[in-house]
Amino acid sequence: MSDQTGPPPATPAPVPPPDLAAALSLRGLWKRFGQKIAVAGVDLDVPTGSFFGLVGPNGAGKTTSLSMATGLLRPDFGTVHVHGTDLWAQPERAKAELGVLPDGVRLFDRLTGAQLLTYAGLLRGLDRDTVAERTEDLLQAMDLVGDRDTFVVDYSAGMTKKIGLASAMIHAPRVLVLDEPFEAVDPVSAANIRDILHGYVDDGGTVVVSSHVMDLVQRMCSHVAIIAGGHVLAAGTVSDVRGEQSLEDRFVDLVGGRRESEGLAWLRSSSASS
Amino acid sequence: MVAQLVRLKLTLLANTFRRSVWQTIGLVVGSLYGLGVLVLVVAAAIVGGTADPALTGHVVTVAGALVVLAWWVVPVFAFGVDATLDPRRFVTFAIPRRTLLAGLALAGLVSIPAAVTTLGALGVSLAWWRQPAALLAALVGGVLATALCLVGSRAATTALAPLLDSRRYREVVAIAAVVPLVLVGPAFGWLADGVEVAAGGSDADALGAAVATLAQVVGWTPLGAPWALASAVHDGAWALLVARLAISLGTLALAWVVWDRALARELVTPHGGGSSSAAAKGLGWFGRLPATPLGAVAARTATYWVRDPRYAASIAMVPLLPLVLLAVGMTNGAGGGLLLVMAPLAAWLLGFGISNDVGYDNTAFALHVATGTPGRVDRWGRVLPVLAGGAPLCVAFALVGCAVAGRWDALPALLGLTAGTLGASLGISSAVSARLVYPVPKPGESPFKSPQGATMATMVAQMATMGITLAVSLPTLALALTAILLPQAALGWAALGVGLVTGVLVLLLGVRWGARTYDRRLPELLQQVMAFG
């Protein structure tokens, strides 16, 4: 993912055992794709009842880490515990507690919105009445009632994101893992979704979102982890991590890479020179 | 610009070598095979040309016409066109269409089938090595024929693509594409007649005369005209030469214009058209099948068989089977007897339809992974709708076949063979598709577009499925064929028994093995389809 795959600390600090009380506990996750090490030893605890933000530059390993944490990608090394259940040892039990919105995957888009939600609900083993009831509620909440009978393939990018989010929530999981949930979603829907997620957290659920919009994470999340080059650079409550700075400044400090250059001079004069 | 496109295609071809060892091996094996066939054909042409140039010229004309026909029809039907250089990817680069077209045409030469065709077309010209004038004409004809193959196949697929996207026209196009196939029947019948008429002479003479008549007709068609140039020079028929040249060039120009127009339209039409933004009321199958994970997968599968053009295209063949078989049977004298093949063939096609189901799901399969859907549920959910819809259809086909052929005595054997084939192909497909996944057109793409760099993976997976299915069906097949051809009633009942047992057993074991493989490599399966992009 990134060429910034610096070696792990020379003498690795003793890694504490997985936190079995945490909603999500990652220990020593490694993943290599060919020559590239995408994730190089990620340790992370997501406390139960937290609204957890995962931030990092492009190619930092966010999606890879979340994929391994939700059972979509088998790690080369490391463990994942979901509320104390070892995900890769007992996938069925652990997956039942997870609701997942992966980034960059398709949906079964030849189904209508209502059918897709029904499909997700039935796959989760819910009975017909519960599925029907929750489908209605979710369509309402996502403002998709009018498009319930439209094929998902005809949805806009934002609507697709929302129906994917709805199918991740239909079985009332204890942990929601959402990869870039607000991408392409309009501000009104985003605010509605944030309200839903906050309500869910207030009732004891745990939400993990990845994003590269620092401002959003600072306002929305209780906890945050900064990932770059396949490592966790900082993790904790938002106020701990950012200290006196804004999250964005802290992030840039940690990750680096800002250039003070005059670059692309030709671009500025493009209208004059052509 | 043209050179850059050709270079791009070469780079892409070279990169397929770097992607995986198996693809490299496949490509090497494919190249060697192509080369072997090429050497044989050219050697045969030279030997034939030395002994009897006139006859060799006729054979080249007929065979060449078949090659051109294959280039035009097969991509529309089966494998799709090589989409390595998808014109849509060049939309944002502001390349003049004329340049783009020339570049795509030339870059089309850079692929194994195209290279084999080119070398073959030029190689068979050597049949005329004794007559320089004819050799020259043959070389010109070879170049023209290759151009016709490439441009014609592009024109056909590009022009038909928008139609194939929309469901209403799809059946019409499928039927239209069958017409040339149906015409093969009369051609053979006619050839047989020619042999009979000339039966007075020796067999070789008779065959030669028949080929000559056939070649004369084919030489007038756009398919055969370029191949027949040299024959015209050999006969000293200059007017004929000019006419054939005119036909070849005219067809080439027409195909070029069609391709140009179609490409112009495709470039401004947004990707994945056919979004009629139609709506489906209610829950469809989801409301009718049991509210369990298994019922849900079955409902989803059933919905997709009807609504996803990629599945619908693969089963569009099934209702056409009786028509094709009847047409072929009528013209070549086999009569209605050929319709007996219909039921087992349909059974095999239906079973084969799910042999790459995860590939068809593409990354939407992530839902099954995220929800932890067990292999047993996934596999049976995909099999059951095909079984429920296919079994009655196959029985009906068997009954109709027996009725038309007037062979009610063959019914037990036929039913046994059909049941065995359906069960075996479904079972083997379930097992293989959990192990071998290959790229197919993505959801929403034209079902006739073949994804890039995957030809070998596709062939390996399909060959494995077909080969294993055939192997497990062999006892039933042998019994049923003996029973039907002898005819032998007792054997027919034995075939029924063996067929039913084979079908049920292979289905159960195949699904079970597939489910276990699926459970073991669920995340890996997802990563495989993710890699298709």
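Basis of the calculations
- Residues numbered from 1 in each chain as written.
- Chains lettered and ligands numbered in written order.
- Predicted model: local features only at pLDDT ≥ 70, side-chain atom pairs only at ≥ 80, totals over all residues.
- Helix = DSSP H or I, 4+ residues; strand = E, 2+ residues; numbered from the N terminus.
- Buried ≥ 20, exposed ≤ 12 C-beta atoms within 10 Å, placed from the backbone.
- Contact = placed C-beta atoms within 7 Å.
- Core = buried A, V, L, I, M, F, W, Y, C linked by C-beta atoms within 7 Å.
- Pairing = 2+ DSSP bridges.
- Axes fitted to C-alpha atoms, helices over the stretch in contact; angles between N-to-C directions.
- Expected span 1.5 Å × (residues − 1).
- Arc of directions from axis to C-beta.
- pLDDT = per-residue confidence, 0-100.
- Parallel < 35°, antiparallel > 145°, perpendicular 65-115°, else oblique.
- Left-handed = near helix turned anticlockwise from the far one by under 90°.
- Nonpolar A, V, L, I, M, F, W, Y, C, P; charged D, E, K, R; others polar.

Thoughts on the overall build of chain B
Thought 1: Scanning chain B from N- to C-terminus turns up 21 helices and 2 strands.
Thought 2: Across the 533 residues of chain B, 44% fall into the buried class.
Thought 3: If you take every contact in chain B between residues at least 6 apart in sequence, the share linking residues at least 24 apart comes to 79%.

A word on the overall build of chain A
Thought 1: Within chain A, the secondary structure is distributed over 11 helices and 10 strands.
Thought 2: Seen along its three principal axes, the alpha-carbon backbone of chain A occupies a region of about 60 × 60 × 40 Å.
Thought 3: Taking all 274 residues of chain A together, 50% fall into the buried category.
Thought 4: Across chain A, every contact between residues at least 6 apart in sequence was considered, and the portion connecting residues at least 24 apart equals 68%.

Quick notes on the nonpolar core
Nonpolar side chains in soluble globular proteins tend to end up buried together.
All names here are of chain B.
Thought 1: By size, the foremost hydrophobic cluster in this structure holds 155 residues, and its most contacted members are Leu414 and Ala495.
Thought 2: Considering each element in turn, this core owes the most residues, 11 residues, to helix 18 (residues 411-433).
Thought 3: Those residues in contact with Leu414 that sit more than four places away from it in its chain are Leu340, Ala343, Ala398, Gly401, Cys402, Ala480 and Ile484.
Thought 4: By size, the runner-up hydrophobic cluster in this structure holds 52 residues, among which are Ala127, Ala147, Cys149 and Leu229.

Side note on the sheet that holds strand 3 (residues 51-55) of chain A
Residue and element names in this part refer to chain A.
Thought 1: Spatial strand order, 6-7-8-3-9-10: 6 strands in an open sheet with mixed pairing. Where the open sheet ends on each side, the last strands, each with one partner, are strand 6 (98-101) and strand 10 (231-237). With strand direction ignored, the average angle separating the axes of adjacent strands in the sheet is 15°.
Thought 2: As defined by bridge partners, strand 7 (residues 175-179) adjoins strand 8 (residues 206-211) across 5 bridges and the pair is classed as parallel. Bridge pairing in strand 8 links Val177 to Val208.
Thought 3: Where helix 5 (residues 157-169) meets the sheet, its contacts fall on strand 6 and strand 7, and the angle it forms with strand 6 comes to roughly 170°.

Points about the interface of chain B and chain A
Thought 1: Between chain B and chain A, the residue contacts involve 34 residues of the former and 35 residues of the latter.
Thought 2: At the level of secondary structure, the elements contributing two or more residues to the side of chain B that touches chain A comprise helix 12 (293-307), helix 16 (366-370) and helix 21 (522-531) of chain B.
Thought 3: Considering each element in turn, the side of chain B that touches chain A owes the most residues, 7 residues, to helix 12 of chain B.

Considerations on helix 4 (residues 128-141) of chain A
All names here are of chain A.
Thought 1: Given a rise of 1.5 Å per residue, 14 residues ought to cover 20 Å, and the 20 Å separating the end C-alpha atoms of helix 4 matches this to within 8%.
Thought 2: Listing the buried residues of helix 4 in full gives Val131, Arg134, Thr135, Leu138 and Leu139. For helix 4, the angular spread of the buried residues around the axis is 135°, confining them to a single face. Counted as exposed and oriented over 90 degrees from the buried face of helix 4: Asp129, Glu133 and Gln140.
Thought 3: Residues of helix 4 that are buried in the fold lie against helix 3 (113-123) and helix 5.
Thought 4: Just beyond helix 4, the residue with positive phi is Asp143, at close to 60°.

Looking at the pairing of strand 10 of chain A
Thought 1: In terms of strand pairing, strand 9 (residues 223-228) of chain A meets strand 10 of chain A through 6 bridges, oriented antiparallel. Pairing of A:Ile227 across the sheet is with A:Val232, part of strand 10 of chain A.

Some remarks on the environment of B:Leu479
Residue and element names in this part refer to chain B.
Thought 1: With respect to the helices and strands, Leu479 occurs in helix 19 (residues 455-485).
Thought 2: The exposure class assigned to Leu479 is buried, which follows from the 24 C-beta atoms found within 10 Å.
Thought 3: Put simply, Leu479 and Val2 are 477 residues apart on the chain and 58 Å apart in space, counted from C-alpha to C-alpha.
Thought 4: For Leu479, the contacting residues outside a window of four places in its chain are Leu491, Ala494, Ala495 and Val498.

Brief notes about the environment of B:Ser111
All names here are of chain B.
Thought 1: Of note, Ser111 is situated in the loop between helix 4 (97-107) and helix 5 (112-124).
Thought 2: Since 17 C-beta atoms lie within 10 Å of it, Ser111 is described here as partly exposed.
Thought 3: Sequence-wise, Ser111 and Lys9 are 102 residues apart; in three dimensions their C-alpha atoms are separated by 8.6 Å.

Regarding the environment of A:Val39
Thought 1: Its location among the elements puts A:Val39 in strand 2 (residues 36-46).
Thought 2: Here the alpha-carbon distance between A:Val39 and A:Pro16, two residues 23 residues apart in the chain, equals 19 Å.

Things to note about the confidence of the model for chain A
Residues and elements named next belong to chain A.
Thought 1: Residues at a pLDDT of 70 or more form 91% of chain A, whose mean pLDDT is 87.
Thought 2: At the low end of the mean pLDDT range in chain A sits helix 11 (residues 270-273), at 52; at the high end sits helix 3, at 95.
Thought 3: Low pLDDT, under 50, characterises residues 1-10; the stretch is placed with 20 contacts to residues that sit more than four places away or in other chains.

Re the sheet that holds strand 5 (residues 85-86) of chain A
Adjacent strands of a sheet pair through backbone hydrogen bonds, lying either parallel or antiparallel.
Residue and element names in this part refer to chain A.
Thought 1: What the 4 strands build is an open sheet, ordered 2-1-4-5; its pairing is antiparallel. Of all the strands in the sheet, just strand 2 and strand 5 have a single pairing partner and so form its edges.
Thought 2: Summarising the sheet, strand 1 (residues 24-33) and strand 4 (residues 77-82) pair through 5 bridges and their orientation is antiparallel. Residue pairing for strand 4: Arg27 is matched across the bridge by Thr79.
Thought 3: On top of the sheet, helix 1 (residues 62-69) reaches strand 1, strand 2 and strand 4; it is set at about 120° to strand 1, its chief contact.

Examining the packing of helix 17 (residues 375-405) of chain B against helix 18 of chain B
Packed helices, taken two at a time, are described by the angle their axes make and the gap between the axes.
All names here are of chain B.
Thought 1: Relative orientation of the contacting elements helix 17 and helix 18 amounts to 160°, with a least axis distance of 10 Å. In terms of orientation, helix 17 lies roughly antiparallel with respect to helix 18. Helix-helix and strand crossings are classified by hand; for helix 17 and helix 18 the assignment is right-handed. Contacts between helix 17 and helix 18 pair Arg379, Val383, Val386, Leu387, Gly390, Ala391, Cys394, Ala398, Gly401 and Cys402 from the former with Leu411, Leu414, Leu415, Thr418, Leu422, Leu426 and Ser430 from the latter.
Thought 2: Residue composition of the contact of helix 17 with helix 18, grouped by class: 12 nonpolar, 4 polar and 1 charged.

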